[in-house]
Amino acid sequence: MNAGLFVLEVVFVVAVLAGVAMWSVPAGLILAGVLGVVAVEREQARRKGTG
């Protein structure tokens, strides 16, 4: 994956998460947990595919 594209994706996700957290802190925490699980699953799938 292109490093610039990865940085852009991270910035976008953090901005969305911050916006949700400003609206509702519990919703922001739930979304952060879900996004954390998705990130771990994506990384595990990437490592499994290349390993």
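Sequence positions are assigned chain by chain, starting from 1 and proceeding in written order. Confidence filtering applies because this is a predicted model: local features only for residues at pLDDT of at least 70, side-chain atom pairs given and counted only at 80 or more, and all residues used for totals across whole chains, interfaces and linings. Each side-chain value is worked out from all heavy atoms of the structure, with water and hydrogens disregarded.

Engineer: Let's hear about the overall build of the chain: which residues, and what values?
Structural biologist: Across its full length, the chain carries 2 helices and 0 strands. Each radius of gyration reported is based on C-alpha atoms, and the globular scaling rule is 2.2 Å times the count of residues to the power 0.38. Relative to its length of 51 residues, the chain is extended, with a C-alpha radius of gyration of 13 Å against a globular reference of 10 Å. Summarising its shape, the C-alpha atoms of the chain cover approximately 40 × 20 × 5 Å along the three principal directions. Accessible surface is estimated by sampling points in the Shrake-Rupley manner with a 1.4 Å probe; for residues, cover comes only from the protein chains shown. For the chain, the exposed surface amounts to about 4,300 Å²; the carbon and sulfur share of it is 75%. Secondary structure elements follow DSSP: runs of H or I no shorter than four residues count as helices, runs of E no shorter than two count as strands, and numbering proceeds from the N terminus.

Engineer: I'd love a proper account of the pattern of salt bridges, names of residues and values included.
Structural biologist: Here, a salt bridge means any side-chain nitrogen of Lys or Arg that lies within 4 Å of a carboxyl oxygen of Asp or Glu. Inspection of every chain in the model, using the stated rule, returns 3 salt bridges. Glu9 is the salt-bridge partner of Arg42, the closest N and O atoms lying 2.7 Å from each other. One end of the pair, Arg42, is in helix α2 (residues 25-50); the other, Glu9, is in helix α1 (residues 3-23), and 33 residues separate them in sequence. For the exposure calls, accessible area comes from a 1.4 Å probe over protein chains only, and a residue counts as buried if that area is under 20% of its type's maximum, exposed if over 50%, partly exposed in between. By relative accessible area, Glu9 is classed as partly exposed at 29%. The shortest N-O distance in the salt bridge between Glu43 and Arg46 comes to 2.6 Å. Residue Glu43 and its partner Arg46 are both found in helix α2; the two are separated by 3 residues, about one turn of the helix. Residue Glu43 is classed as partly exposed on the basis of its relative accessible area of 29%. Residue classification places Arg46 among the partly exposed residues on the basis of a relative accessible area of 48%.

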